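Single-letter residue listing:
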Amino acid sequence: LASSAANRTRLKTPSEFGTRDLKRPGKAGFGGTLLRHVLFAIYRVARDPERDPRPARQYLRRELPDYWNSREMILALLDYLAKTPARLPHWQADAAAARLLHGSVEADTV
């Protein structure tokens, strides 16, 4: 959680997670999930001054052994994260990064 104060509770954005919480791949718990990889890829796009989604897409291809079979779920997660929290001010940069990464993953070919 980004905040647990009464009436201010909210989840962290990918940028708020940063590398400390997101770059811990593991087989158990959150570390081994597809969502963790997607959030880290969004973080990589959001922190890139040029907003280039290609390195983040390459990260997904490299780190997910089942990338091609998981691609539809990756696109669904990116679509959700690009649209749903986009109205929240603290999600603006990460929602834009999710949109860029969605387009890059969608256009990806073998």
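For the structure given in this document, a descriptive report is provided here. (Residues numbered from 1 in each chain as written. Predicted model: local features only at pLDDT ≥ 70, side-chain atom pairs only at ≥ 80, totals over all residues. Heavy atoms only, no water.)

Any pair of aromatic rings gets described here by the distance separating the centres and the angle formed by the planes. One pass over the full model with this rule turns up 3 aromatic pairs. Their ring planes at 35 degrees and their centres at 5.8 Å tell us that Phe40 and Tyr43 sit as a pair that is tilted. Highlighted residues: Phe40 and Tyr43, both in helix H2 (residues 34-47), separated by 3 residues, approximately one helical turn. The exposure class assigned to Phe40 is buried, which follows from its relative accessible area of 2%. Residue Tyr43 is classed as buried on the basis of its relative accessible area of 13%. Between Tyr67 and Trp68 the ring centres are 4.8 Å apart and the planes differ by 80 degrees, which places this aromatic pair in the edge-to-face class. Through successive ring pairs, a cluster of aromatic residues spans Phe40, Tyr43 and Tyr59. (Phe/Tyr/Trp six-rings, centres within 6.5 Å; stacked < 30°, edge-to-face > 60°. Helix = DSSP H or I, 4+ residues; strand = E, 2+ residues; numbered from the N terminus. Buried < 20%, exposed > 50% of the residue type's maximum accessible area, 1.4 Å probe, protein only.)

Turning our eyes to something else, we now look at the packing of H2 against helix H5 (residues 92-106). Angle between the axes and distance between the axes are the two parameters that describe a pair of packed helices. Two elements in contact, H2 and H5, have axes whose closest approach is 8 Å; the angle formed by their N-to-C orientations is 105 degrees. Relative to H5, H2 is oriented roughly perpendicular. Taking contact as the criterion, the partners of Ala41, Ile42, Val45 and Ala46 in H2 are, on H5, Ala93, Asp94, Ala97, Ala98, Leu100 and Leu101. A per-class count over the contact of H2 with H5 returns 9 nonpolar, no polar and 1 charged. (Axes fitted to C-alpha atoms, helices over the stretch in contact; angles between N-to-C directions. Parallel < 35°, antiparallel > 145°, perpendicular 65-115°, else oblique. Contact = heavy atoms within 4.5 Å. Nonpolar A, V, L, I, M, F, W, Y, C, P; charged D, E, K, R; others polar.)

Let us look at H5. Helix length check: H5 (15 residues) gives 21 Å between terminal C-alpha atoms against 21 Å at 1.5 Å per residue, within 8%. Inspection of H5 places Asp94, Ala95, Ala97, Ala98, Leu101, His102, Ser104 and Val105 among the buried residues, and these make up the whole buried set. (Expected span 1.5 Å × (residues − 1).)

With that settled, consider unusual backbone geometry. At Arg51, a position not held by glycine, the phi torsion is positive, near 55 degrees. Its place among the elements puts Arg51 in the loop between H2 and helix H3 (54-63). Taking the relative accessible area as the measure of exposure, Arg51 reaches 33% and is therefore partly exposed.

As a further point, take the nonpolar core. Nonpolar side chains in soluble globular proteins tend to end up buried together. Core analysis: the largest hydrophobic core is formed by 23 residues, its most contacted members being Ile42, Leu60, Ile74, Leu78, Leu81, Leu101 and Val105. Of all elements in the fold, only H2, H3, helix H4 (67-83) and H5 reach the threshold of two or more residues within this core. Look past the residues within four positions of Val105 in its chain and what remains in contact with it is Arg57, Leu60, Tyr67, Arg71, Ile74, Leu75 and Leu78. (Core = buried A, V, L, I, M, F, W, Y, C linked by side-chain atoms within 4.5 Å.)

Turning our eyes to something else, we now look at the environment of Ala95. Here Ala95 is to be found in helix H5. A C-alpha to C-alpha distance of 7.1 Å links Ala95 and Pro85, two positions 10 residues apart in sequence.

What follows concerns the side chain of Asp52. Structurally, the position occupied by Asp52 is in the loop between H2 and H3. Here Asp52 falls in the buried class, since its relative accessible area comes to 18%. Looking at Asp52, its side chain comes within polar contact range of the side chain of Arg54, at 2.9 Å. (Polar contact = N/O pair within 3.5 Å; in protein donor to acceptor, adjacent residues only side chain to side chain.)

Restricting attention to buried positions, one finds in H3 the residues Ala56, Arg57, Tyr59 and Leu60. Viewed end-on, H3 has its buried residues packed into an arc of 155 degrees, placing them on one side of the element. Those residues of H3 that are exposed and aimed more than 90 degrees away from the buried face are Arg54 and Arg62. On its buried face, H3 sits against H2, H4 and H5. (Arc of directions from axis to C-beta.)

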